[in-house]
Amino acid sequence: MEKLTIDLSGYENRLGRKHQAVRMLWNILWPLTTWFLPRSLGMGWKRSLLRMFGAKVHPTAQVYSSARIYYPANLTMEAYSCLADGVECYNVAPVTVGAHSTISQGTLLCTASHDITDSHHRLVTAPIVVEDQVWIGARAYIGMGVVVRQGAVVGATASVYKTVEPWTVVGGNPARFIEKREIR
């Protein structure tokens, strides 16, 4: 088989200097001003800081200090939503977390990738929407363009690449239907 060499040196960051400057400031301020806060304390400060950087965060939403948010202006959190310990919110495109939804520890929400068919490996993005009453289990991966519909549960360590239907439980890699979710 012939070896094919592709020169990726032509890659260009389309996000711009202003975007980079905002992210740099954010990446300094968030850990510097929140690392020492206990889980239940300082939520008001964390929400305020997120709002200062453009996030739309409901007054009852919770974001743990160890959660990492790439670009706050692309984050919307509804009432009683939660980003738990160690959540990585790589929101190059918008991420919306609906009311009463929890994104558990260590989950990766990833809205960006690269076009592997493009010789310059250009950035591609798509939003993630987590609707109301969703639970995403620990260390799950939610890929770009995914919608997790109302009431769904994504099992721990699942990898989700497609829309999850409402009131279902999915798990595995790739995530597959396990059962309907019924509330007693």
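Reading the values: rules and limits
Residues numbered from 1 in each chain as written. Predicted model: local features only at pLDDT ≥ 70, side-chain atom pairs only at ≥ 80, totals over all residues. Heavy atoms only, no water. Helix = DSSP H or I, 4+ residues; strand = E, 2+ residues; numbered from the N terminus. Pairing = 2+ DSSP bridges. 1 Å grid on protein atoms, 1.4 Å probe; cavity = no way out; pocket = protein on both sides within 12 Å on 5 of 7 lines; lining within 4 Å. Points joined across faces, edges and corners; volume = space filled by probe spheres on them. Nonpolar A, V, L, I, M, F, W, Y, C, P; charged D, E, K, R; others polar.

(A) Spotlight on the environment of Gly42. Looking at the secondary structure, you find Gly42 in the loop between helix H1 (16-34) and helix H2 (43-52). It is 9.4 Å that separates the C-alpha atoms of Gly42 and Tyr64, two residues lying 22 residues apart in sequence.

(B) Broad picture of the sheet that holds strand E5 (residues 82-83). With mixed pairing, the 7 strands of this open sheet are ordered in space as E2-E5-E8-E13-E16-E18-E19. Each having just a single partner strand, strand E2 (62-63) and strand E19 (176-180) make up the two edges of the open sheet. Two strands pair when backbone bridges link them, and strand E18 (residues 168-171) and E19 are joined in this way by 4 bridges, in the antiparallel orientation. When the sheet's bridge partners are listed, Val170 is paired in E19 with Phe177.

(C) Expanded view of unusual backbone geometry. Following Asn173, the chain continues into Pro174 via a peptide bond in cis, with omega recorded as -5°. If you trace the backbone, Pro174 turns up in the loop between E18 and E19. With a phi angle near 55°, Tyr80 is a residue other than glycine that sits in the positive phi range. Here Tyr80 lies in the loop between strand E4 (75-77) and E5.

(D) Spatial organisation of the layout of surface pockets. Roughly 220 Å³ of internal volume is contained in the largest pocket. Along the walls of the largest pocket sit 16 residues, with Trp26, Asn27, Trp30, Arg68 and Ile69 positioned nearest its centre. Of all the secondary-structure elements, those providing two or more residues to the lining of the largest pocket are H1, strand E3 (68-69) and strand E6 (88-90). Among the elements that line the lining of the largest pocket, the one with the most residues is H1, at 6 residues. Classifying every residue of the lining of the largest pocket gives 9 nonpolar, 4 polar and 3 charged.

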